[in-house]
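Here is what each chain is made of, one letter per residue.
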Amino acid sequence: MNLRSIYMICKNNYDVLDMFAGEETSINARRCVRISGWNKVRNALIELREAASLNHEANTFINAIPDLYRHQDEFIVSVEEWGEIKKAKNALLRTMDDTMDLCEKMGMDTNDRTGIDIKLPKYHDFSEFVKYVNDIEFVLTKCPFLKTDDETLTFDNVDLGSTWLTFCIIAGSAVAGGSVLLNNIAAFVDKCIVIRSHYLTLQKQKHELEQDQRAADEKATISKYLDEMYEKQVDMVITDLEEITKCKVKNEDGDEMGRINLCFEKMGELIDKGLQIRSSVDAPKEAQALFKPLEMKYLQISNSLKLLENKDENEKEE
């Protein structure tokens, strides 16, 4: 998670935690504390612990609530238990205060905005870094599915101390029903993952075909068939994107189709290497929801690549 996202999570949830308080009461002449509104606080803590720098304090806060009550909105705890809860709460608030103070002193833009954050893949030298940035620039500026009449995507900055690139969406006028461009970006990335999966399957099938004991002309026929099947899969994905984005590809324009295929290829390779695209944390909830399904796919790709790397290492050892 980039630093600005951590800042916005702190900012959006600070008051929820700060206002969380208990009310003294008694049961059988024994002093106790009544707690209400825990569900809202728990949801805030679940969001906060996604940030590595807040994970320990957020989990400590959650664990300070007795197991029996963690899924209840209202309950009663002993004075001693309430003391531990307050201690955990204050520790988390201090960390959140320090985080926000640091970000503001470093000149971070703290205004709400709608946009995307792009996490670059790991790079080993400057030339590799430049290549990744150039590939991203190509995709964002050349892909027709990422263009709308009312919105434009503009580069904002590089997140402080990380390799997250921040882009803002500038709307020419009020856009009804949320950002069309965000919807198109999410759909495009999802389809890139689909096409990349088809492409890797094609390469695997061709590799297996090369090892097969068949005549050369038979292999050529099968290889041609596999290529045709892949092209049909790509065509189906493009048709889906045309329907989602309302952007009709000019079939008579071979250049545009070539750019689309190159965008698929570049984005697929970047995602394989670890690139991720997410909506800005302060974007509307409906915009963030568009990118949620992608997070699971990123994880699946990462796990698949790790398995392949382990397999390659084992084969080398053998």
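Small disclaimer: the values here were computed from a predicted structure and weren't measured.

Engineer: I'm lost on the overall build of the chain in this one. Help?
Structural biologist: In terms of regular secondary structure, the chain is built from nine helices and seven strands. Over its C-alpha atoms the chain spans a radius of gyration of 25 Å, topping by over 25% the 20 Å that the globule rule assigns to 318 residues. Taking the principal axes of the C-alpha coordinates as reference, the chain spans close to 90 × 55 × 40 Å. When burial is assessed residue by residue, the chain has 38% of its 318 residues classed as buried. Surface summary for the chain: the accessible area is close to 18500 Å², and the carbon and sulfur share equals 50%.

Engineer: Looking at this structure, I do not really get the packing of helix α1 (residues 3–18) against helix α2 (residues 38–48). What am I missing?
Structural biologist: For any two helices packed against each other, the geometry is given by the interaxial angle and the distance between the axes. For the pair α1 and α2, interaxial distance at closest approach is 10 Å and the crossing angle is 155°. Overall, the two elements α1 and α2 adopt an arrangement that is roughly antiparallel. Seen along the crossing, α1 lies across α2 with a hand that is left-handed. Of the residues in α2, those in contact with I9, C10, N13, V16 and L17 of α1 are K40, V41, A44, L45, E47 and L48.

Engineer: What is the right way to look at the packing of aromatic side chains in this model?
Structural biologist: Centre-to-centre distance and the angle between the planes together describe a pair of aromatic rings. Counted by the stated rule, this structure contains ten aromatic pairs. Centre to centre, the rings of F20 and F61 are 6.1 Å apart; their planes meet at 50°, and the pair counts as tilted. Note that F20 is positioned in the loop between α1 and β1 (22–27) and F61 in helix α3 (residues 52–64), a separation of 41 residues in sequence. Assessed through its relative accessible area of 0%, F61 is described here as buried. Counting every residue linked through ring pairs, the aromatic cluster contains F20, W38, F61 and W82. K266 extends its terminal NZ or CZ atom over the ring of F138, reaching a point 5.5 Å from the ring centre.

Criteria and cut-off values
Residues numbered from 1 in each chain as written. Predicted model: local features only at pLDDT ≥ 70, side-chain atom pairs only at ≥ 80, totals over all residues. Heavy atoms only, no water. Helix = DSSP H or I, 4+ residues; strand = E, 2+ residues; numbered from the N terminus. Rg over C-alpha atoms; globule rule 2.2 N^0.38 Å. Buried < 20%, exposed > 50% of the residue type's maximum accessible area, 1.4 Å probe, protein only. Areas by Shrake-Rupley, 256 points an atom, 1.4 Å probe, with all protein chains shown as cover. Axes fitted to C-alpha atoms, helices over the stretch in contact; angles between N-to-C directions. Parallel < 35°, antiparallel > 145°, perpendicular 65-115°, else oblique. Left-handed = near helix turned anticlockwise from the far one by under 90°. Contact = heavy atoms within 4.5 Å. Phe/Tyr/Trp six-rings, centres within 6.5 Å; stacked < 30°, edge-to-face > 60°. Lys NZ or Arg CZ within 6 Å of the ring centre and 35° of its normal.

Scope: geometric values only; no functional claims are made or implied.
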